[in-house]
Amino acid sequence: MAKTRNMISGLLGRAGNSIFRFLTALEEKGFMPRALKWVKVAALGIIASLVVALSLQAEEAQVTCYIVARLPEAAISDVIISPDPTKGADSVKVRATAKVLNPEIEDNYIKEAWLSRQKDTLKIPMKAIDGKLSDTLEVLEASFYVGDLDTGQNWFFISVTTSQGNQEISWQSYVVSKSDSLSADSTIKEED
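Read on for an overview of the structure. It should be emphasised that the depicted structure is a prediction, and the values quoted were computed from it without experimental measurement.

### Examining unusual backbone geometry
The omega angle of the peptide bond from Ser-82 to Pro-83 is -5°, so this bond is cis rather than trans. Mapped onto the fold, Pro-83 is located in the loop between strand 1 (74–82) and strand 2 (91–100). Pro-85 follows Asp-84 through a cis peptide bond whose omega is 5°. Note that Pro-85 resides in the loop between strand 1 and strand 2. Despite not being glycine, Asp-78 shows a phi value in the positive range, around 50°. Its place among the elements puts Asp-78 in strand 1.

### Remarks on the pattern of salt bridges
Within the structure shown, the criterion is met by four salt bridges. Across the pair Lys-93 and Glu-141 runs a salt bridge whose closest N-O atoms are separated by 3.3 Å. Here Glu-141 lies in strand 6 (residues 137–145) and Lys-93 lies in strand 2, a separation of 48 residues in the sequence. You can call Glu-141 partly exposed: its relative accessible area is 22%. Of the charged contacts in the structure, one is a salt bridge between Arg-117 and Asp-148, with a shortest N-O distance of 2.8 Å. With Arg-117 in strand 3 (residues 110–117) and Asp-148 in the loop between strand 6 and strand 7 (152–162), this pair connects stretches of sequence that are 31 residues apart. Among the charged side chains, a network of salt bridges with common partners joins Lys-93, Arg-95 and Glu-141.

### Notes on the environment of Trp-171
Within the element layout of this structure, Trp-171 appears in strand 8 (residues 167–176). Considering only alpha carbons, one finds Trp-171 and Phe-156, 15 residues apart in sequence, at a separation of 5.9 Å. Look past the residues within four positions of Trp-171 in its chain and what remains in contact with it is Trp-155, Phe-156 and Phe-157.

### Description of the sheet that holds strand 6
A sheet is described by the order of its strands in space; here four strands give the open sequence 1-2-6-5, paired in antiparallel fashion. Two strands bound the open sheet, and with one partner strand each, they are strand 1 and strand 5 (127–128). With nine bridges connecting them, strand 2 and strand 6 associate as antiparallel partners. The partner of Val-92 across the bridge, within strand 6, is Phe-144.

### Thoughts on the packing of aromatic side chains
Evaluated as defined, the whole model comprises five aromatic pairs. Here Trp-114 and Phe-157 contribute two aromatic rings whose centre-to-centre distance is 5.6 Å and whose plane-to-plane angle is 70°, an arrangement assigned as edge-to-face. Separated by 43 residues along the polypeptide, Trp-114 in strand 3 and Phe-157 in strand 7 bring together distant segments of the chain. Each member of the pair Trp-114 and Phe-157 is classed as buried. Pairwise contacts between aromatic rings join Trp-114, Phe-157 and Trp-171 into one cluster.

### Here's the deal with the nonpolar core
Most often, soluble globular proteins keep nonpolar side chains buried together rather than apart. With 22 residues, the main nonpolar core has Val-94, Leu-115, Met-126, Phe-144, Phe-156, Ile-158 and Val-160 as its most contacted residues. Contributions of two or more residues to this core are made by strand 1, strand 2, strand 3, strand 6, strand 7 and strand 8. The greatest single-element share of this core, amounting to five residues, is contributed by strand 2. Look past the residues within four positions of Val-94 in its chain and what remains in contact with it is Val-79, Ile-80, Ile-81, Leu-115, Met-126, Leu-140, Glu-141, Ala-142, Phe-144, Phe-156 and Ile-158.

The rules behind the values
Residues numbered from 1 in each chain as written. Predicted model: local features only at pLDDT ≥ 70, side-chain atom pairs only at ≥ 80, totals over all residues. Heavy atoms only, no water. Helix = DSSP H or I, 4+ residues; strand = E, 2+ residues; numbered from the N terminus. Salt bridge = Lys/Arg side-chain N within 4 Å of Asp/Glu carboxyl O. Buried < 20%, exposed > 50% of the residue type's maximum accessible area, 1.4 Å probe, protein only. Contact = heavy atoms within 4.5 Å. Pairing = 2+ DSSP bridges. Phe/Tyr/Trp six-rings, centres within 6.5 Å; stacked < 30°, edge-to-face > 60°. Core = buried A, V, L, I, M, F, W, Y, C linked by side-chain atoms within 4.5 Å.

Geometry only, nothing functional implied.
Given below as structure tokens:
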């Protein structure tokens with residue numbers, strides 16, 4: 001479509017040049033000099049308007065074939081879960097750092113943080129170490145129950161929301177394992 005518009009625009013430009021030369025030649029020969037001057041100006045104005053309009057539409061019709069990436073507004077880093085592996089512990093403690101990446105924006109701070117286990121809809125609130133979520137850099141803590149999970153690799157995710165309403169999510173894996181003392185007892189029983 002854009003190529004067609006550019007082609008038509010080029011044709012109109014060449015036609016405008018031809019009409020201008022023709023009307024100028026008539027004017028120089030003395031054929032209706034005053035009236036022809038106004039006809040020439042009006043005709044060239046119309047052609048120039050068409051050429052510009054078609055050229056602008058050709059440029060505006062550009063289509064991108066990719067999705068523009070959204071820059072993250074916050075970052076979640078230094079995620080530590082302890083104990084990992086759990087070694088029979090009923091609950092684990094998670095600590096993470098959340099940072100606003102655009103602190104120059106007025107009133108842009110970490111407003112809310114929570115975590116959730118894989119395949120679980122329960123949102124566990126994370127608390128700031130300093131007691132209040134109100135800064136551009138927050139160290140967050142929470143603990144959650146893992147006693148009902150199968151042994152092996154499991155996942156949880158942390159969600160952070162800024163005061164501007166932007167949200168970032170970070171996934172983290174951890175290993176649920178049995179207690180070392182239980183495995184030692186079972187080894188002793190098997191030897192008997």
